[in-house]
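Geometric and topological summary
Each chain, letter by letter, is given below.
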Amino acid sequence: MIYNNVEPATTLWELWDSPFEGPGMNSRNHIMFGGVGEWFYSGLLGITQTSDSISYQSIIFKPAITTDPRLPFASGSINTPRGKVGLQWSRSASPLSYNYAVSVPVSSVGQVFIPCESSCKGILITEGGNPIWKNNQFVSGVVGVNGASVQDKFIVIVVGSGDFKFSSSNYSFRGQKLSKISILSSK
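Residues numbered from 1 in each chain as written. Predicted model: local features only at pLDDT ≥ 70, side-chain atom pairs only at ≥ 80, totals over all residues. Heavy atoms only, no water.

Take unusual backbone geometry next. Leaving glycine aside, a negative phi is the common case for residues, and trans is the common case for peptide bonds. Unusually for a residue other than glycine, Tyr 56 sits at a positive phi of about 60°. With respect to the secondary-structure elements, Tyr 56 resides in the loop between strand S1 (47–49) and strand S2 (58–61). When its relative accessible area of 18% is taken as the criterion, Tyr 56 is described as buried. Here Asn 136, not a glycine, exhibits a phi torsion of approximately 60°, which is positive. Note on placement: Asn 136 falls in the loop between strand S8 (130–134) and strand S9 (137–138). (Helix = DSSP H or I, 4+ residues; strand = E, 2+ residues; numbered from the N terminus. Buried < 20%, exposed > 50% of the residue type's maximum accessible area, 1.4 Å probe, protein only.)

This is how it looks when you write it as structure tokens:
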């Protein structure tokens, strides 16, 4: 908060050297760190919309998960006209694992980006114990999970409305690396 004894201000003014009145002073209420706050939602949490989305109808969940041990988790939500959009992620270093909790409001769809390491091959993804990704392809049949595909170093899961819990772990089996990602839903 800024407070100037000469010109009492508790917010950032549009012009620092302007008089109190007149055409030079158009606004006295500018948020100081709004760009940083927005980055927490769209960058660190990775909650954004597709370019053609209106009121969070089509949501992207692509968090910027860091390997820095000082930032092992992030959590937040946005109240939208359709309802709450939320994401919570955490990372454990040993063994390497990721956990997500995703909230998609009614009448919305979500794309959840699950990171792969160098290759997305050999990954098994389940929802409630039922496979939705096996042998490098989508397995249909689970309510709420509408599709999946590989994009760059991510498996993108397309989900409808609901609350989903995603868990991803890497396992070693006879010297081969096998990744397993489990998705649990509480609908």
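One open sheet accounts for 5 strands, arranged S1-S2-S6-S11-S10; its pairing is mixed. Of all strands in the sheet, those with a lone pairing partner are S1 and strand S10 (145–151), marking the two edges. For this sheet, the mean angle separating the axes of adjacent strands, direction not counted, is 25°. Pairing between strand S6 (residues 109–115) and strand S11 (residues 154–159): 6 bridges, direction antiparallel. Each bridged residue has a counterpart across the sheet, and for Phe 113 the counterpart in S11 is Val 156. (Pairing = 2+ DSSP bridges. Axes fitted to C-alpha atoms, helices over the stretch in contact; angles between N-to-C directions.)

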